[in-house]
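The chain contents come next:
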Amino acid sequence: MGEHAEEKETADQETRRKVDWRAGSGRAAGILASVVRWVGLVFAAILVLHVVFVIGEANPDNGIVSFARGWADGLLLGFKDLFMPEDAKLRVLINYGIAAVFWMVVTGVLAKIIRRVGGSA
């Protein structure tokens, strides 16, 4: 009976030793990369929504419109006065549109780097 217990203990130790930590880190990297992509998508969507509100001449006092404007202004970074056409709607379309593309590209590249470093190509 003592031998059987020792054999089981040895088998349990071998099972514990076979944990593949790289697979776990690869899954974690995949999840983190997905979160980064979703954040970029949400940021871009807020910027595009603001563009739609400006071009469609939405009521600036509406809660949704002011919420989108507040977040979009924060996400604009250095693109606010990148191009200065005469038409205010065109200015918003170009500058906020470039910022939306920027967020999609940057988060896409960052997600790819996270996946490669984390081992979940």
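Since the model is a prediction, treat every value here as computed from it, not as a measurement.

With that out of the way, let us pick up the UniProt feature "transmembrane region" (unreviewed entry) in the chain. According to UniProt, the feature "transmembrane region" (unreviewed entry) maps to residues 35-56 and 93-114 in the numbering used here. For the annotated span residues 35-56, helix accounts for 95% and strand for 0% of the residues, and the straight-line distance between the end C-alpha atoms is 31 Å. The straight-line gap between the two end C-alpha atoms of residues 93-114 is 31 Å; of that span, 100% is helix and 0% is strand.

Turning to its location among the elements, Phe-83 is positioned in the loop between α3 (63-75) and α4 (88-118). Linking Phe-83 and Asn-95, residues twelve residues apart in sequence, is a C-alpha distance of 6.5 Å.

What follows covers the nonpolar core. With 14 residues, the main nonpolar core has Leu-47, Ala-72, Leu-75, Leu-76, Tyr-96, Ala-99 and Trp-103 as its most contacted residues. Among the elements of the structure, α2 (21-55), α3 and α4 are those that each provide at least two residues to this core. Beyond its immediate stretch of four places on either side in the chain, Leu-47 contacts Ala-72, Leu-75, Tyr-96, Ala-99, Ala-100 and Trp-103. Ala-29, Ala-33, Val-36 and Ile-114 belong to the second-largest nonpolar core, a separate cluster that totals five residues.

A separate point is a nonpolar patch on the surface. Where nonpolar side chains cluster on the molecular surface, the patch consists of Val-101, Val-105, Val-109, Ile-113 and Val-117 and spans about 470 Å² of accessible area. With respect to the helices, strands and loops of the structure, Val-101 is situated in helix α4. On the basis of relative accessible area, Val-101 is assigned to the exposed category, the value being 52%.

For the rest of this paragraph, the subject is α4. The terminal C-alpha atoms of α4 lie 44 Å apart, and with 31 residues this matches the ideal 45 Å at 1.5 Å per residue to within 8%. For α4, every residue scored as buried is listed here: Val-92, Asn-95, Tyr-96, Ala-99, Ala-100, Trp-103, Thr-107, Gly-108, Ala-111, Ile-114 and Gly-118. Phi for Gly-119, located one or two positions after α4, is positive at around 85 degrees.

Let us look at the environment of Val-48. In this fold, Val-48 is placed in helix α2. Through-space distance from the C-alpha of Val-48 to that of Tyr-96 is 7.2 Å; in sequence the pair is 48 residues apart.

Glancing now at the side chain of Thr-107. By secondary structure assignment, the location of Thr-107 is in helix α4. In this structure the side chain of Thr-107 is engaged in a polar contact, spanning 3.4 Å, whose partner is the backbone oxygen of Met-104. Once residues within four sequence positions are removed from consideration, Thr-107 is found in contact with Val-36, Arg-37 and Gly-40.

Next up on the list: α3. In a regular helix each residue adds 1.5 Å, so 13 residues correspond to 18 Å; α3 covers 18 Å between its end C-alpha atoms and thus fits that length. Burial in α3 covers these residues: Val-65, Ala-68, Ala-72 and Leu-75. For α3, the buried positions fall inside an angular range of 95 degrees around the axis, keeping them on one side. For α3, the N-terminal cap is Asn-62; the gap from its side-chain oxygen to the backbone nitrogen of Ile-64 is 2.7 Å.

The rules behind these values
Residues numbered from 1 in each chain as written. Predicted model: local features only at pLDDT ≥ 70, side-chain atom pairs only at ≥ 80, totals over all residues. Heavy atoms only, no water. UniProt positions renumbered as here; feature names shortened; annotations may be inferred. Helix = DSSP H or I, 4+ residues; strand = E, 2+ residues; numbered from the N terminus. Core = buried A, V, L, I, M, F, W, Y, C linked by side-chain atoms within 4.5 Å. Buried < 20%, exposed > 50% of the residue type's maximum accessible area, 1.4 Å probe, protein only. Contact = heavy atoms within 4.5 Å. Patch = residues over 30% accessible without salt bridge, like charges linked within 9 Å, V, L, I, M, F, W, Y side chains within 5 Å. Areas by Shrake-Rupley, 256 points an atom, 1.4 Å probe, with all protein chains shown as cover. Salt bridge = Lys/Arg side-chain N within 4 Å of Asp/Glu carboxyl O. Expected span 1.5 Å × (residues − 1). Polar contact = N/O pair within 3.5 Å; in protein donor to acceptor, adjacent residues only side chain to side chain. Arc of directions from axis to C-beta.

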